[in-house]
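# Architecture and fold: a report
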Amino acid sequence: MSLIIQFFDTLNKFPFIHIMPFLGWFILVLFLILTYIYCVYLNHPKFEQAHYEHLRDDKKFKTGDMILFHALDNINPIMMGSYYGHVGIVYVDPDDPEQIPYLFEAAGVRNIAILDRHNDKGIFLTPLDKRLRKYRGYIFYKELSGTLDKHIVRDFKKFIEYA
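Computed from a prediction, not measured in an experiment: that's the story for all the values here.

### With respect to the overall build of the protein
- Each helix and strand in the protein was counted, giving seven helices and five strands.
- Looking at the protein residue by residue over its 163 residues, the buried ones come to 29%.
- For the protein, long-range pairs separated by at least 24 residues make up 60% of all intrachain contacts whose partners lie at least 6 apart in sequence.
- When the accessible surface of the protein is summed, it comes to about 12,000 Å², and 63% of that surface belongs to carbon and sulfur atoms.

Below, the structure is given as structure tokens:
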């Protein structure tokens, strides 16, 4: 509690707050909002760049990898306090000879056409290639360190079928 009192005592030392209380508080709040937007929205993480085609052709994707999304057309990340607005988990079916990576994700179903690998509760399993190509925004890839045990991958497949 004393930290809060100390904060307001420090604010009272600024002359603009005594001269024009409304303007002073307005400037302070505006400064805090702009600082928050900069820290969360504009000061994005720095990652090594790689083209999707190179990752796909090298069979880089494996079950458990994460795909992180940052949309250019919404402000949800600012409200959530995160640079990323959406996350999906890569799934590669161990029984598929082609080893096609899919993206397992959950999202709102309003205004979305439900496809054969989607359900009406918002659980989606979409081919990764198709999902990434239609996304408008920045996409980040976080590789799972190590590999998952085959039993975990099979259980994840059961979970996906259940969902």
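Once the structure has been displayed, the description carries forward.
### With respect to the nonpolar core
- Counting twelve residues, the largest nonpolar core consists of Tyr 52, Leu 55, Phe 61, Ile 67, Phe 69, Ala 71, Val 90, Val 92, Leu 103, Leu 128, Leu 132 and Tyr 135.
- Looking at this core, the elements that each hand over two or more residues are α4 (52–57), β1 (66–71), β2 (86–92) and α6 (128–134).
- A per-element tally of this core places β1 first, with three residues.
- Every residue in contact with Phe 69, bar those within four places of it in the chain, is listed here: Tyr 84, Gly 85, His 86, Val 87, Gly 88, Leu 103, Glu 105, Arg 131, Leu 132, Tyr 135, Tyr 138 and Ile 139.
- Counting six residues, the second largest nonpolar core, distinct from the first, contains Tyr 91, Tyr 102, Phe 156 and Ile 160.

### Brief notes about the pattern of salt bridges
- Tallied over the entire structure, the rule returns seven salt bridges.
- In this structure, Lys 62 engages Glu 143 in a salt bridge whose closest nitrogen and oxygen atoms are separated by 3.2 Å. Linking Lys 62 in the loop between α4 and β1 with Glu 143 in the loop between β5 (137–142) and α7 (150–162), this pair joins segments that are 81 residues apart in sequence.
- According to the relative accessible area criterion, Lys 62 is buried, its value standing at 19%.
- Overall, the relative accessible area of 35% leaves Glu 143 in the partly exposed class.
- Linking Asp 129 and Arg 133 is a salt bridge whose minimum nitrogen-to-oxygen distance equals 3.0 Å. Of this pair, Asp 129 and Arg 133 are both found in helix α6, four residues apart, which corresponds to roughly one turn of the helix.
- Under the relative-accessibility criterion, Asp 129 is labelled partly exposed at 27%.

### A look at the confidence of the model for the protein
- Model confidence for the protein is summarised by a mean pLDDT of 75, while 66% of its residues fall at 70 or above.
- The secondary-structure element of the protein with the lowest mean pLDDT is helix α2 (residues 15–19), recorded at 56, while β2 shows the highest, at 89.

### Observations regarding unusual backbone geometry
- With a phi angle near 55°, Gln 99 is a residue other than glycine that sits in the positive phi range.
- On the secondary structure map, Gln 99 appears in the loop between β2 and β3 (101–106).

### Observations regarding α7
- Helix length check: α7, at 13 residues, gives a terminal C-alpha distance of 18 Å against a target of 18 Å (1.5 Å per residue), a fit within 8%.
- Restricting attention to buried positions, one finds in α7 the residues Val 153, Phe 156 and Ile 160. Projected down its long axis, α7 carries its buried residues within an arc of 55°, all on one side. Across from the buried face of α7, at angles greater than 90 degrees, the exposed residues are His 151, Lys 158, Glu 161 and Tyr 162.
- Contacts from the buried residues of α7 go to β2, β3 and β4 (123–127).
- Its side-chain oxygen placed 2.9 Å from the backbone nitrogen of His 151, Asp 149 serves as the N-cap of α7.

Calculation notes
- Residues numbered from 1 in each chain as written.
- Predicted model: local features only at pLDDT ≥ 70, side-chain atom pairs only at ≥ 80, totals over all residues.
- Heavy atoms only, no water.
- Helix = DSSP H or I, 4+ residues; strand = E, 2+ residues; numbered from the N terminus.
- Buried < 20%, exposed > 50% of the residue type's maximum accessible area, 1.4 Å probe, protein only.
- Contact = heavy atoms within 4.5 Å.
- Areas by Shrake-Rupley, 256 points an atom, 1.4 Å probe, with all protein chains shown as cover.
- Core = buried A, V, L, I, M, F, W, Y, C linked by side-chain atoms within 4.5 Å.
- Salt bridge = Lys/Arg side-chain N within 4 Å of Asp/Glu carboxyl O.
- pLDDT = per-residue confidence, 0-100.
- Expected span 1.5 Å × (residues − 1).
- Arc of directions from axis to C-beta.
- Polar contact = N/O pair within 3.5 Å; in protein donor to acceptor, adjacent residues only side chain to side chain.

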